[in-house]
Each structure stands twice: as C-alpha cells, then as structure tokens.
Amino acid sequence: MDSKDIVLIDDEVLNNIKDIFINRNETLALAESVTCGILQTAFGSVPDASLFFQGGITVYNLGQKTRHLHINSIHAEACNSVSDKVAMEMAVGVCSLFSSHWGIAVTGYATVDPEIKMDQPFAHFAIAHMGNIRKASCLRHPEANPQLIQYFYADEIVKALYNILSNPSL
C-alpha cells in the first residue's frame, strides 16, 4: 500500500463542517476506538479548529471506555465493546466528558477475527447532539488492509456528520 491508496477526508467537507459549527456557536468532541485518532487528526488539522473542536479521546478497550465514557460494561463485555449501543453510549459520553454540543463515537474492527467468526471488518458509529442520538449506523468494508478500512470509516463518518448538519430535518 502506498499513500495514494488511502482515502483522505475531504478538506472542503471538513471546512464546511467547521463553518457550520462556528456559525452556530457549537462544539464537537470525538471518541474513537477502531479509527485510532484519525478523526481527531482530521478535525484538529482544520484552520481555526480551536473555535469549535473540543478534543477527543482514543479508548481502545473495555476498561477505558467504561472509565472515561461510562458505557455499560456488562453489555460491552458481551459484545467485545463493539455494538450500536456502545457507540451511542460513547457519543453521549464524549459530549459530557468534553462539555461539547456534538459528539461522535466509533468502535469496531479493522481486521477479520476468526476467533469470533467475524469475516468482514465492520464498525458502529454514532453522532450525538445535546445528549440525543442523531444517527447510529454500521459500516462494512471488504478491504483487507486495516489502514484503508480505518480511513474509510473516518471518511464515511465525516460525510454523515456533514449530511446531518446540512439537513436539519435529519
């Protein structure tokens, strides 16, 4: 894999999101697991990010998700911390942790895992606004390269956020 294979997040979309947040005087925080900070890097690289981006946290295991984002540990243990419920709890939790209007969370797999009979990587993500889930969805990708999968997830999540912000009725 060389760098031209990675799908970068569209700068124009990121800047449009920034403009919307600044115009609304709203903020964003991120909780990442499977994307390992890719979303934080993307939003942190936007000019004037400090005007809307509160920050983020990468929580890779059950203990950290429970400690920092207050997810339900019993449910999370049963699903290896990968479910729509965990993503939604993470999104709400990161809003609280960072005192942010909006929160995005993602948890999932970037590789197959034969031990749990998972043969296609997938991730659950959620977008919360003021403690309410605005979107929760599952992404799947047949690619075998974990980095490509992580960037695919991040790009799709940014597009989903932009779609919500651009269409208030969603």
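Residues numbered from 1 in each chain as written. Predicted model: local features only at pLDDT ≥ 70, side-chain atom pairs only at ≥ 80, totals over all residues. Heavy atoms only, no water.

Q: Please clarify how the sheet that holds strand β1 (residues 28-32) should be interpreted in this entry.
A: The strands that make up a sheet pair up through hydrogen bonds in the backbone, lying either parallel or antiparallel. With mixed pairing, 5 strands are arranged side by side in an open sheet as β2-β1-β3-β4-β5. With one partner strand each, in any of the chains shown, β2 (53-58) and β5 (132-140) form the two edges of the open sheet. Recorded for the sheet is a direction-independent mean angle of 10 degrees between the axes of neighbouring strands. Judged from the 7 bridges that link them, strand β3 (residues 102-108) and strand β4 (residues 122-129) form a sheet pairing that is antiparallel. Within the sheet, the bridge partner assigned to Val 106 lies in β4 and is Phe 125. (Pairing = 2+ DSSP bridges. Helix = DSSP H or I, 4+ residues; strand = E, 2+ residues; numbered from the N terminus. Axes fitted to C-alpha atoms, helices over the stretch in contact; angles between N-to-C directions.)

Q: Looking at this structure, how should I read the pairing of β3?
A: Within a regular beta strand, the side chains point alternately toward one face of the sheet and then the other, so they alternate between its two faces. Most of β3 is tucked away, with 7 of its 7 residues classed as buried. Side chains Trp 102, Ile 104, Val 106 and Gly 108 of β3 all project onto a buried face; the interleaved residues Gly 103, Ala 105 and Thr 107 project onto the opposite face, where all are buried too. Direction of pairing for β1 relative to β3: parallel, over a ladder of 5 bridges. Bridge pairing links Leu 30 to Ile 104 in β3. (Buried < 20%, exposed > 50% of the residue type's maximum accessible area, 1.4 Å probe, protein only.)

Q: Just checking my understanding: could you explain the pattern of salt bridges for this structure?
A: Applying the stated rule across the entire model yields 4 salt bridges. Among the ionic pairs, Lys 18 bridges to Asp 19, the shortest N-O distance being 3.8 Å. Accessibility expressed as a relative area gives 9% for Lys 18, which makes it buried. Connected through salt bridges with shared partners, the residues Asp 155, Glu 156 and Lys 159 form a single ionic network. (Salt bridge = Lys/Arg side-chain N within 4 Å of Asp/Glu carboxyl O.)

Q: Help me understand the nonpolar core in this model?
A: Side chains of a nonpolar character, in soluble globular proteins, are inclined to be buried together. By size, the foremost hydrophobic cluster in this structure holds 34 residues, and its most contacted members are Leu 28, Leu 39, Phe 43 and Leu 161. Looking at this core, the elements with two or more residues in it are α1 (11-24), β1, α2 (38-44), β3, β4 and α6 (146-166). Ranked by residue count, the leading element in this core is α6, at 9 residues. Discounting chain neighbours no more than four positions away, the residues touching Phe 43 are Leu 14, Ile 17, Leu 28, Leu 30, Ala 49, Phe 52, Phe 53, Val 158 and Leu 161. Core analysis: the second largest hydrophobic core is formed by 17 residues, Ala 31, Met 90, Ala 91 and Val 94 among them. (Core = buried A, V, L, I, M, F, W, Y, C linked by side-chain atoms within 4.5 Å. Contact = heavy atoms within 4.5 Å.)

Q: Is there a simple way to think about the state of the cysteines in this case?
A: Between two cysteines, a covalent bond joining their sulfur atoms is known as a disulfide. Per the stated rule, a full pass over the model turns up 0 disulfides. Its sulfur unpaired, Cys 138 is 12 Å from the next cysteine sulfur, which belongs to Cys 79. (Disulfide = S-S within 2.5 Å.)

Q: Please explain the environment of Ile 22 as it appears in this structure.
A: Residue placement: Ile 22 occurs in helix α1. The exposure class assigned to Ile 22 is partly exposed, which follows from its relative accessible area of 31%. In this structure the C-alpha to C-alpha distance between Ile 22 and Glu 77, which are 55 residues apart in sequence, comes to 38 Å. Excluding anything up to four places from it in sequence, Ile 22 contacts Asp 48, Leu 51 and Phe 52.

Q: Looking at this structure, I do not really get α1. What am I missing?
A: Because each turn of an α-helix spans 3.6 residues, side chains separated by three or four positions in sequence point in the same direction. Taking 1.5 Å of rise per residue, 14 residues should cover 20 Å, and α1 covers 20 Å from first to last C-alpha, within 8% of that figure. Those residues of α1 lying buried are Val 13, Leu 14, Ile 17, Lys 18, Ile 20 and Phe 21. When α1 is viewed along its axis, its buried side chains cluster within an angular range of 165 degrees and face the same direction. Those residues of α1 that are exposed and angled more than 90 degrees off the buried face are Asp 11, Glu 12 and Asn 23. Here α1 starts with a cap whose side-chain oxygen sits 2.8 Å from the backbone nitrogen of Glu 12, and that cap is Asp 10. Where α1 ends, the next residue or the one after it, Asn 25, has phi of about 60 degrees, a positive value. (Expected span 1.5 Å × (residues − 1). Arc of directions from axis to C-beta. Polar contact = N/O pair within 3.5 Å; in protein donor to acceptor, adjacent residues only side chain to side chain.)

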